[in-house]
Every structure is written in structure tokens, then in C-alpha cells.
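Coordinate analysis (summary)
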Amino acid sequence: MGVADGDDELMFRFQRDHDYQAFEELFGRHKDVLLRFLARLLGDIATAHDASQQTWLKVIEVARRQDYLAQPDARFRTWLLTLARNHAIDEYQRKFAASRTIALTDEIRERSLNGPIAGQQAPADPLDDANREQIAGRLAAAIQALPLEQREVIALWIAEVEPAAIAEITGAPRDTVLSRKKYALAKLRSALSDLLMEGDHVRRSS
Amino acid sequence: MCVGVPEDFEYEVRSVLRTEPLRTSASHDAAVLAKARELCAPPRARRLRYAVPVALAASVALVTGVYVRYGSPIADDGRVRSSEAVDAGAIVPANGATLATAPAEFQWPEQAGAESYRVVLRNAAGTPIWRSEPVELNHADVDAALHDQTARTFYWTVEVEGAGTARELGPFWFQLQ
């Protein structure tokens with residue numbers, strides 16, 4: 001099985017031929033991205049793991065029922081994220097409806113949002129590790145404080161999902177998606193304003 | 001501590017958060033992959049349950065010289081195999097028909113005990129491209145999606161649901177000019 005196999009091709013092999021290797025490849029490609037998206041959306045690692053597992057079981061069930069359909073512009077990842085998002089909204093967000101925001105646990109702060117992945121080369125950038133860690137922690141907390149509609153847009157945007165696909169996943173018009181992203185980024189910028197001011201000060205002084 | 005946030009805020013937000021270490025747990029992966037394996041490899045008990053009937057059927061086929069082939073609905077010559085067990089006159093569009101335009105609806109013989117039917121339309125590669133909503137009568141309107149397809153050859157099956165019974169009619173096929 002080549003690296004070049006498309007996601008849809010793998011999904012169809014799994015559905016049509018019950019090709020286990022095709023599913024394994026597909027699962028390996030998307031499982032971590034999906035978990036990170038759900039962790040940002042739900043704000044809790046354990047809940048995100050559960051939602052992720054339920055989403056993948058739904059994927060398998062869809063394949064068992066031969067229900068995965070070929071659509072001219074459909075992409076597996078968009079479909080997967082839609083499935084996950086709808087599941088998360090349906091099953092978990094009701095619990096938190098009263099408060100609209102979910103506290104970021106220490107576990108997320110420590111385990112998920114600080115520093116580069118072990119063994120993975122971090123991209124070169126002007127931030128040192130200490131700065132990066134501090135900014136990541138502040139950003140994660142700020143994301144959790146966003147309204148759900150903005151948080152899901154930001155979570156998808158961080159996963160490099162295009163605005164048109166975000167619109168498809170969330171069921172919101174593309175312009176609304178762009179607007180939510182704009183307001184969310186403004187709030188994040190505001191939440192990090194003290195860091196920005198310090199940074200400006202550093203740059204002006206140097 | 002001096003903290004600097006680069007001017008390209010959007011880029012940096014994504015850059016900082018994209019490198020997070022969160023990965024799925026081993027138990028998560030094991031549970032999902034076990035379920036996938038279950039679909040791909042039926043349990044041993046199920047295989048054994050079917051072993052005797054399959055062996056008998058194979059013997060009968062050998063004795064009578066009938067070669068029965070299962071599997072892909074696409075024959076070696078590229079045409080779609082279709083069922084001959086259903087009254088051909090009651091199939092709309094007619095099995096094997098060449099049509100100028102996409103059909104407006106599908107029809108099939110009424111099945112005893114059926115409570116609902118569902119049409120599954122596939123392209124020539126065997127890929128499902130449309131499923132109808134469950135219908136109680138033995139006909140279903142064609143979804144507009146079919147009219148957008150670039151494929152020329154289609155086959156379709158009818159899932160029959162009833163009390164204690166579930167079976168499938170077809171596949172039947174047609175092609176567009």
C-alpha cells in the first residue's frame with residue numbers, strides 16, 4: 001500500500017473489500033489530528049479520547065453498512081471531522097450548556113499544549129522554548145474561554161482545515177466562519193496583550 | 001522574563017499549537033483497531049457456522065458442472081452482473097437498459113413481508129453513490145444527485161427490510177448514452 005493512496009481510496013477499500021490495512025493506514029493518518037481537534041473543542045483529554053473512539057467506531061459502522069458515499073468534492077477528513085464535531089456537540093456539550101465554557105484542566109495544560117512532540121523537529125522560529133511554553137499555555141486557556149461557535153472554528157483552523165471545509169463541517173456560511181475566526185483571533189490577541197506589549201517593548205529596546 | 005510575540009499573530013498561533021504532543025492512547029487505538037479487525041475478519045465461530053453449507057454448495061457445484069462465482073458485481077468484461085431471480089418485467093429501468101437521460105424513478109417487484117425498501121445506487125467501480133430514504137412502496141424517486149454524475153454505467157440494488165427478514169434484490173444495471 002503506497003503512501004500516495006488517497007484517504008477516500010483507503011476508505012473505499014475498507015468498506016468494499018474489508019481491507020484492514022487500508023483502515024489502519026487511514027486511522028494512523030488522522031487519529032492524532034482528530035484527538036487534538038476534540039481536545040480543543042471539549043477541553044478535556046479523557047472526554048476527547050472517548051469522543052474520538054466513538055467517532056472511529058462510527059466510521060467502522062458506516063463502512064459495515066456500506067454507507068460511505070462517493071461525492072464529487074467530498075474529502076474523508078472533512079467527513080471525519082464533521083462526524084466528530086456532531087458527536088461531540090450531541091453527546092458532550094449538553095453537559096456544559098450552563099456554563100458555555102469549559103475549564104482547561106492541568107492535564108491538558110501539561111500534556112497537550114506545551115512544547116513540540118517528542119522526537120519531532122520543532123520548526124525554526126524566533127521564540128525560545130520558555131516563551132513558546134508560556135504562550136502555548138496562555139493560548140490554550142484563551143481558546144477554552146471562547147464561545148463554542150468560535151472555538152470550533154479556531155480548533156479546525158489550527159488543524160489547517162480550509163474555511164470552505166470549516167463551513168461544511170459546522171454548517172455555517174463561509175462568511176460567518178471567517179467572521180468567527182476574526183473575532184476569535186481578536187480575543188486571543190487581547191488575551192495575550194500583555195505578552196504582546198512586552199514583546200513590543202523588547203523589540204523597541206533592541 | 002522577556003516574552004516576545006511575533007507580529008504575524010495568526011501564523012504564530014498555529015505554529016505554537018500545531019506542535020502539541022497530544023496523541024491517542026494505546027487503549028484508544030487498540031479498541032478502534034480491534035473493531036476494524038472484527039469487521040475485516042469474521043469471528044471463527046461464524047466461519048465454522050458457514051463452513052459446512054459452503055462445502056456442500058461447492059460439492060453440488062462441482063457435480064453439476066455449474067460454476068457459481070461470487071464477489072465483485074463487475075464481470076471480467078467490465079459489465080455489471082445482474083440478478084436473474086427477479087421478474088425482469090417489473091424492473092424499471094429495465095435491467096441492462098441504455099437510457100438517454102437519468103431515470104426518474106426505480107421500480108421493483110413487491111416483496112412479500114416487506115415493510116420498507118431502500119435503493120442503493122453504485123457506479124461501475126462498485127462504489128455506492130446514493131442511497132434512497134426507506135420507502136414503503138416498491139418504487140423510489142431518483143435523487144437529483146444522479147443527474148450530476150459523470151459516470152455512464154450504474155448498478156442498483158434494493159434492500160428489503162421486513163419482520164425478521166432482510167434481503168437484497170439485484171444488482172440490476174443500466175447505462176446512460
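Considerations on the confidence of the model for chain B
All names here are of chain B.
- Overall, the prediction assigns chain B a mean pLDDT of 73, with 62% of residues at 70 or greater.
- Per-residue pLDDT, averaged within each element of chain B, yields its smallest value for helix α3 (residues 44–64) (56) and its largest for strand β2 (residues 105–107) (90).
- For this predicted complex, the interface score ipTM comes out at 0.75, alongside a pTM of 0.57.

What to know about the environment of B:Trp156
All names here are of chain B.
- Relative to the helices and strands, tryptophan 156 is located in strand β6 (residues 153–162).
- On the basis of neighbour count, tryptophan 156 is assigned to the buried category, with 28 C-beta atoms found within 10 Å.
- Setting aside chain neighbours within four positions, we find tryptophan 156 in contact with Phe106, Val119, Val120, Leu121, Arg122, Gly170, Pro171 and Phe172.

Considering the pairing of β6(B)
All names here are of chain B.
- Burial of β6 is extensive: seven of the ten residues sit out of reach of the surface.
- With nine bridges connecting them, strand β3 (residues 114–123) and β6 associate as antiparallel partners. The residue of β6 that forms the bridge with tyrosine 117 is valine 160.

What to know about the packing of helix α7 (residues 148–158) of chain A against helix α9 (residues 174–191) of chain A
Residues and elements named next belong to chain A.
- It is the contact of α7 with α9, at a shortest axis distance of 9 Å, that shows an interaxial angle of 95°. Regarding the angle of α7 to α9, the classification is roughly perpendicular. Facing α7, whose interface residues are Glu149, Gln150, Val153, Ile154 and Trp157, α9 presents Val177, Arg180, Lys181, Tyr183 and Ala184.
- Among the residues making up the contact of α7 with α9, the classes are represented as six nonpolar, one polar and three charged.

Here's the deal with the packing of helix α8 (residues 163–170) of chain A against α9(A)
Residues and elements named next belong to chain A.
- Running from amino to carboxyl end, α8 crosses α9 at an angle of 105°, the nearest separation of the two axes being 8 Å. Judged on the interaxial angle alone, α9 and α8 are roughly perpendicular. Every residue of α9 that contacts α8 at Pro163, Ala164, Ile166, Ala167 and Thr170 is listed here: Arg174, Val177 and Leu178.
- A per-class count over the contact of α8 with α9 returns six nonpolar, one polar and one charged.

As for the environment of A:Arg180
- Tracing the chain through its elements places A:Arg180 in helix α9.
- Separated by 29 residues in sequence, A:Arg180 and A:Arg151 have C-alpha atoms that sit 8.7 Å apart.

Brief notes about helix α3 (residues 45–64) of chain A
Residue and element names in this part refer to chain A.
- An ideal rise of 1.5 Å per residue puts 28 Å on 20 residues; α3 measures up with 28 Å between its terminal C-alpha atoms.
- Listed as buried for α3 are Thr47, Ala48, His49, Ala51, Ser52, Gln53, Thr55, Trp56, Val59, Ile60 and Ala63.
- Where α3 terminates, the next one or two residues include glutamine 66, which has phi positive at roughly 60°.

Some words on unusual backbone geometry
- Looking along the chain, the bond that leaves B:Val92 and enters B:Pro93 is cis, with omega of -5°.
- Residue placement: B:Pro93 occurs in the loop between α3 and β1 (97–99).
- The backbone of A:His18 sits at a positive phi, close to 50°, despite the residue not being glycine.
- The residue A:His18 is located in the loop between α1 (7–17) and α2 (20–42) in this model.
- Residue class for A:His18 comes out partly exposed when judged on the 17 C-beta atoms lying within 10 Å of it.
- Backbone geometry places A:Glu160, a non-glycine residue, at a positive phi of 65°.
- Inspection of the secondary structure assignment puts A:Glu160 in the loop between α7 and α8.
- A residue is classified by how many C-beta atoms lie within 10 Å of it, and A:Glu160, with 11 of them, is exposed.

Structural notes on the confidence of the model for chain A
- Chain-level pLDDT for chain A is 77 on average; 71% of the residues reach the 70-or-more range.
- Low pLDDT, under 50, characterises residues 199–206 of chain A; the stretch is placed with six contacts to residues that sit more than four places away or in other chains.

Reading the values: the criteria
- Residues numbered from 1 in each chain as written.
- Chains lettered and ligands numbered in written order.
- Predicted model: local features only at pLDDT ≥ 70, side-chain atom pairs only at ≥ 80, totals over all residues.
- pLDDT = per-residue confidence, 0-100.
- Helix = DSSP H or I, 4+ residues; strand = E, 2+ residues; numbered from the N terminus.
- Buried ≥ 20, exposed ≤ 12 C-beta atoms within 10 Å, placed from the backbone.
- Contact = placed C-beta atoms within 7 Å.
- Pairing = 2+ DSSP bridges.
- Axes fitted to C-alpha atoms, helices over the stretch in contact; angles between N-to-C directions.
- Parallel < 35°, antiparallel > 145°, perpendicular 65-115°, else oblique.
- Nonpolar A, V, L, I, M, F, W, Y, C, P; charged D, E, K, R; others polar.
- Expected span 1.5 Å × (residues − 1).

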